[in-house]
Structures are given as C-alpha cells and as structure tokens.
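An overview of the molecular structure
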Amino acid sequence: MKVSFISPEIKDGQIKSIAILPVFKGAKLSNAYKDYDKLSKKRVSSAAKAGGVDGSAGKSVQIVGPEGTKTNRLLVTGCGKLADFNAEKFGAQVTKTMLMSGETTLIIHLDGHDLTPTDAAQAALGAVLAAYRFDKYRTKLAADKKPSLKTVKIAVENPAQARKAWNNFYGPVGEGTNIARDLVMEPANKLYPTSYAARIKKMETQKETMGLKVQILGEAQMAKLGMGALLGVGQGSPRASQLVIMKWSGGKKGTKPVCLVGKGVTFDTGGISLKPGAGMWDMKGDMGGSAAVVGAMHTIAARKAKANVIGIVGLVENMPDGKAQNPGDIVTSMSGQTIEVQNTDAEGRLVLADALWYAKEKFKPKAMVNLATLTGAIITCLGHEYAGLFSNSDEISDQMQTAADNSSEAVWRLPLNEAYDKLIDSPNADMKNITVPGAGAGSITAGQFLQRFVGDVPWAHLDIAGTAWKASRTDPREPSWATGFGARLMNRWVADNYEG
Ligand code: BES
Ligand code: MN
Ligand code: ZN
C-alpha cells in the first residue's frame, strides 16, 4: 500500500478515487464535505440525511458515481465524538471496507476537524495494517479476490508534518508489524532455522535497515558456549539450530544496550511428548516471539532510533526422532544449571534459558525483555486479548504497561514468587522443565523457569501464546491469522524509555 499525505483542497476528478468524508457527532462539517455537497448539488447532504448519518459511529452511506463530481465514490461515515476518535482504527476500518472495491485509490479526508499530523500518520498506519495480505502461495486467486486498493492518501491541514511523523515513526511501525506477520504466516517447510537466519541476515544489506549488524551462531558455536538446553530441543530435527543476534547501535557509544529476546521454534510438534494432531498446524507460528523481535528491530533500524538495542532469537525445530531427546533427559544449560526435561513439549523455556543467559553475559544489558508463545495456559487465563506479563522489576513492568497503552497491544501482569519457583525443583537436577502435576499455574511456573536465567537484570517476559495469532481477535488492523503482536510494543517501549 502506497501512502501519501495531501493538502485538504478537493481535487475533484484529478484523482480517480473513493473519497472518505467523516462526520462527527456534534462537530462542524468539513470543507471537503461542503465542497462535494456543492458540486453534487446537495447529493451528499441529502444522502446523509436519508441514511441517518448524523455523526453516530457506524452509520454511513456510500454514493457511487455522484453526479456533478468526477470522483468515483463518496463514503460519508459517522465517527462518533471527535474526542473519542481513534484515527488508526478509522483508517483500518475504511481500508478494510474498500480493499476489494475495485477502486485503486482511497482519499481519507481528515481535514477540517482540528486533527493533528500524528492523527493523519496513525490513520495511514491503520490503512497499512488493514491492507496486509499473505497471498504468496495462492496461485489460483481470482482477480476479484485480490485487493484493488493500491494507494491511500490522507488529506490533512499540515501534510508536511504528517509525512514527517509517517517517515520517522509510523511508517516503520507498519513495516515492522507486517514483517513479523510475514514470518509467522510462513509454513515450517519454508521457514526453518537456517532459512530464517538467512532472511534476517538480509536486513544487513536492505536499504531501510542499513546499519543493522547481524551475527549467526551455528550448532558448533553454541555447543562451545555450552548451550545444552537450546541444542537439546533441536536435536531431533534434521534442520540445524541457529542463534541470531541483531545489533542496532544508534545510541551513545558505551551506553549499555537493552536486549529483546525471542522464542523461535519454527515448528513445535512437542517432540517425543508429541502433541495431538488436531490443530497442530498452528505450531508453525511457535516462532511468533522471534518474529516480534525481528519486526521490532526492523522498525528501530528503519527509524534510526537513538538507542542501543540488541535482538536475539533462538531458532530451532522441535521434532520427534530417534535422535530426539527423551522425557527424563538431563541437559546442562549455558548457565551451568542442569535441567531435567520431563516434557519435551515444554521446549520454549529451554531455548530461552540459553538465549537469555547469553544476552545477560555477552551484553550486560540495562534491561531485557523476552517474547514467547510459551504456554497454552496463558490462553486459559487471558484468552486472546492480553499477553501475559511477568517481571522481576516493577519499573520495567510499569514501562511495559505504558508502552502497551500507547501501542494498542495489551498486556496483563501476573505474579512471580518463591512458592511458585519451588514447583520446578527436581530431585534429579537443578530444576525440571514442567511443574508438579496438578499444581496449575502453568504460565507462572514457565515464567519462574525463565527467571532462573536472568540473574539481576531487570527483565520482563511476555507470554504471547494467545495473541501472536488469532482465534477470535476481530480488530480491522489485524486482517490475517498472524497478528505480528509484540513488534510495535517493543518499538514503543524502546522509544519511550531508552532513547535520546
Ligand atoms: N508452543 C507451546 C505453547 C502454545 C500452545 C502456544 C498453544 C500457542 C498455542 C509450548 O511449547 C507448549 O507446548 N507448552 C506446553 C507446556 C506444557 C507441556 C508444560 C503447553 O502449554 O501445553
Ligand atoms: Mn511445546
Ligand atoms: Zn512451543
């Protein structure tokens, strides 16, 4: 989707398009509305009246081929009260409505209502998110099932400033989210650890992310570092495990970085503790945490963030095999701590154990956050609306809550404490990777497990098993199965707390 910002004067007929004319409850009509009304000899106002468009949200009329004007269509749409207006959602909603309309250009008139350049940029972000598609493997898609919209133009009083907000922030946010979606959508025969790593490596030479440095560690290097927990998970797969490190050094030289760490299980069969067949195909998305990290690193690099940020993703495939690890196996993690693997399906925490420890030892970060589709239990707990937030620091937790409020990706904090921690003690090793049978709190004990690998670093863990892809999310900004959840949240968290 091409995005541009234009000045408010209507250029009737010069741009073949659908023009969107928002009407707010209790607010004056825009000049664009009045201009079109005049040109069409009151067709706009009479249609609005007949359709009951009084500014109430959800009430709208479409005028196709309005006489007297050269525009293709007008959509006059009620948006509720100006004070409650969410430009991003609006941009998404109208884009969703018009995506297959046959028209190629959409003009959203935000002028005439004292909306800000930021509102305009956010409307464009909504449009870009709503227009997302993953059609690359559909060779027989009929022409009328393909999106027709190619361009969205936002009309606003100060297009130059809106363009600046777009280029410096919201555009890169849209790209990062859609990149995360692309990764989650890919099936596991296309996206596996080495192909995934190669894709990340490409970011080094892409124009948008110029300056980002990417390092890939293979199995031999990880073995040397002692990453027995991560390597144990990938052991049953013919595909080699990878650890990928992305470095963005936009901050002051010498300031400690923040680390974003992602679970990248490119397919989770459960291993020898095999999952049931029904719905197992969703486990191609078990790398959603890593996708959020890659998407966030794209955004951070593309907007040239003045911060030092390291992204680390542990990429493995969890397969049952003669070479796979068995329940009861004991592995030694990079930290030196030993783990009894009672269930090979609790593999994400094993991957993160080594990735987090590596992040802490290698980069001595100011703070670190990990994202993971870690537990089915978080879906029981929070469904598909909130990601679970766990933290050893009230400060980081508060930062995360605020970033969530500012990025419309919701999080809800759950507790960690010593009593939960005890549940993962093992008589055979330093710990086991699942809790005591019947103890419940499966998402919390997974969090306790991770906490054993972060030392004193202020840290947060986001369990995104319910939000990385959708069973029931209906937001127009999330048109595909993969939501890209976490990419914009991480970008926001960095922007709000670690820049400048
Ligand atoms: N990847 C799954 C968690 C998951 C489940 C993500 C459903 C998205 C949707 C994870 O590796 C897993 O299998 N967790 C187990 C842990 C259990 C064995 C302690 C689970 O949640 O059942
Ligand atoms: Mn699993
Ligand atoms: Zn998993």
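Residues numbered from 1 in each chain as written. Chains lettered and ligands numbered in written order. Predicted model: local features only at pLDDT ≥ 70, side-chain atom pairs only at ≥ 80, totals over all residues. Heavy atoms only, no water.

1. Some points on the overall build of the protein chain
For the protein chain, the helix and strand inventory stands at 15 helices and 17 strands. Since a compact globule built from 500 residues should have a radius of gyration of about 23 Å, the 25 Å found for the protein chain is in line with a globular shape. With the principal axes as the frame, the protein chain shows a C-alpha extent of 85 × 50 × 45 Å. Residue burial in the protein chain is summarised as follows: out of 500 residues, 58% are buried. Intrachain contacts of the protein chain at a sequence separation of at least 6 include 78% that bridge at least 24 residues. When the accessible surface of the protein chain is totalled, it reaches about 20000 Å², and 52% of it is carbon and sulfur. With 61 positive and 48 negative side-chain charges, the protein chain shows a spacing of 7 Å between the two charge centroids. (Helix = DSSP H or I, 4+ residues; strand = E, 2+ residues; numbered from the N terminus. Rg over C-alpha atoms; globule rule 2.2 N^0.38 Å. Buried < 20%, exposed > 50% of the residue type's maximum accessible area, 1.4 Å probe, protein only. Contact = heavy atoms within 4.5 Å. Areas by Shrake-Rupley, 256 points an atom, 1.4 Å probe, with all protein chains shown as cover. Lys, Arg positive; Asp, Glu negative; His and termini not counted. Charge placed at Lys NZ, Arg CZ, Asp CG, Glu CD.)

2. Side note on the coordination of the zinc ion (ligand 3)
Looking at the metal site, the zinc ion (ligand 3) is ligated by Lys-263 (NZ), Asp-268 (OD), Asp-286 (OD) and Glu-347 (OE), spaced 2.0 to 2.5 Å from it. Seen from the zinc ion (ligand 3), its six donor atoms lie at angles of 77 to 176 degrees, and the figure they make is octahedral. Read in sequence order, the donor residues for the zinc ion (ligand 3) give the motif K-x4-D-x17-D-x60-E. The manganese ion (ligand 2) is placed at 3.1 Å from the zinc ion (ligand 3), the two being bridged by Asp-268. By relative accessible area, Asp-268 is classed as buried at 3%. (Donors = N, O, S within 2.8 Å, 3.2 Å for Na, K, Ca; no water. Tetrahedral: all angles 85-135°; square planar, octahedral: opposite > 155°, others 65-115°.)

3. Looking at the pattern of salt bridges
One pass over the full model with this rule turns up 20 salt bridges. Of the charged contacts in the structure, one is a salt bridge between Glu-186 and Arg-199, with a shortest N-O distance of 3.4 Å. Here Glu-186, found in the loop between helix 5 (159-185) and helix 6 (193-201), pairs with Arg-199, found in helix 6; they are 13 residues apart in sequence, far enough to count as distant. Accessibility expressed as a relative area gives 32% for Arg-199, which makes it partly exposed. A salt bridge links Arg-413 to Asp-394; its shortest N-O distance comes to 2.9 Å. Here the residue Arg-413 occupies a position in strand 15 (residues 411-413), and Asp-394 occupies one in helix 12 (residues 394-407), the gap between them amounting to 19 residues. In this structure Arg-413 comes out as partly exposed when scored by relative accessible area, which is 30%. Connected via shared salt-bridge partners are Glu-88, Asp-475, Arg-477 and Arg-488. (Salt bridge = Lys/Arg side-chain N within 4 Å of Asp/Glu carboxyl O.)

4. Topic: helix 3 (residues 87-98)
Because each turn of an α-helix spans 3.6 residues, side chains separated by three or four positions end up pointing in the same direction. An ideal rise of 1.5 Å per residue puts 16 Å on twelve residues; helix 3 measures up with 16 Å between its terminal C-alpha atoms. Two to three positions downstream of the cap, the backbone nitrogen of Glu-88 sits 3.1 Å from a side-chain oxygen, assigning the N-cap of helix 3 to Asn-86. (Expected span 1.5 Å × (residues − 1). Polar contact = N/O pair within 3.5 Å; in protein donor to acceptor, adjacent residues only side chain to side chain.)

5. Comments concerning the packing of aromatic side chains
Under the criterion given, the structure shown has ten aromatic pairs. Between Phe-24 and Phe-85, the aromatic rings sit 5.0 Å apart at their centres with planes inclined by 90 degrees, giving edge-to-face as the arrangement. Here Phe-24 is found in strand 2 (residues 18-25), whereas its partner Phe-85 is found in the loop between strand 4 (73-81) and helix 3, with 61 residues between them in sequence. By relative accessible area, which is 13% here, Phe-85 ends up buried. (Phe/Tyr/Trp six-rings, centres within 6.5 Å; stacked < 30°, edge-to-face > 60°.)

6. Observations concerning the sheet that holds strand 16 (residues 431-432)
Ordered by their spatial adjacency, three strands build an open sheet running 11-12-16, and the pairing between neighbours is mixed. Of all the strands in the sheet, just strand 11 (329-332) and strand 16 have a single pairing partner and so form its edges. For strand 12 (residues 338-341) and strand 16, the ladder comprises two bridges, and the chain directions are parallel. Bridging across to strand 16, Ile-339 finds its partner in Met-431. (Pairing = 2+ DSSP bridges.)

7. A look at the domain arrangement of the protein chain
One widely used convention gives an interface's size as the accessible area the parts lose upon coming together. Considered domain by domain, the protein chain is made up of domain 1 (2-157) and domain 2 (170-497). Spacing between the C-alpha centres of domain 1 and domain 2 amounts to 38 Å. Contacts between domain 1 and domain 2 engage 17 residues on the former and 19 residues on the latter. Buried area between domain 1 and domain 2, both sides added, is near 1600 Å², and the carbon and sulfur share of it is 64%. (Domains from an automatic or database assignment. Buried area = accessible area lost by both parts, 1.4 Å probe.)

8. Notes on the site of ligand 1
Surrounding ligand 1, one finds 17 residues, the nearest of these being Lys-275, Asp-286, Asp-345, Glu-347 and Gly-376. Lys-263 has a polar side-chain atom sitting 3.2 Å from an oxygen atom of ligand 1. The contact in question runs from an oxygen atom of ligand 1 to an N or O atom on the side chain of Asp-345, over 2.8 Å. Summarising the interface, the protein chains cover 77% of the accessible area of ligand 1, which totals 520 Å² for the free molecule. (Near = heavy atom within 4 Å.)

9. Regarding the sheet that holds strand 8 (residues 242-249)
Strand order in this open sheet of eight strands is 7-8-10-9-13-17-14-15, and the pairing throughout is mixed. If you trace the sheet from one side to the other, it starts and ends with strand 7 (213-217) and strand 15, each paired once. Averaged over all pairs of adjacent strands, the angle between strand axes in this sheet comes to 20 degrees, irrespective of strand direction. Pairing of strand 9 (residues 258-268) with strand 10 (residues 308-318), which is carried by ten bridges, proceeds in the parallel orientation. Bridging from a neighbouring strand, Val-265 pairs with Val-316 of strand 10. Those strands touched by helix 14 (residues 442-451) are strand 13 (367-372), strand 14 (387-391) and strand 17 (459-463), and its axis lies near 145 degrees from that of strand 17. (Axes fitted to C-alpha atoms, helices over the stretch in contact; angles between N-to-C directions.)

10. Considering the coordination of the manganese ion (ligand 2)
Surrounding the manganese ion (ligand 2) are the protein donor atoms Asp-268 (OD), Asp-345 (O), Asp-345 (OD) and Glu-347 (OE), which sit 2.0 to 2.2 Å from the metal. For the manganese ion (ligand 2), the six donor atoms in the first shell make angles of 71 to 167 degrees at the metal, a pattern classed as irregular. With a relative accessible area of 22%, Asp-345 lands in the partly exposed category.

11. As for the nonpolar core
Counting residues in each nonpolar core, the largest one holds 59 residues, and the members touching the most others are Ile-200, Leu-462 and Trp-493. Among the elements that take part in this core, helix 9 (residues 288-302) stands out by supplying eight residues, more than any other. Residue contacts for Trp-493: discarding those within four places in its chain leaves Val-258, Leu-260, Ala-367, Val-369, Ile-396, Gln-399, Met-400, Ala-403 and Tyr-498. Among the nonpolar cores identified, the runner-up in size contains 48 residues, and Val-265, Leu-416, Ala-446 and Phe-449 belong to it. (Core = buried A, V, L, I, M, F, W, Y, C linked by side-chain atoms within 4.5 Å.)

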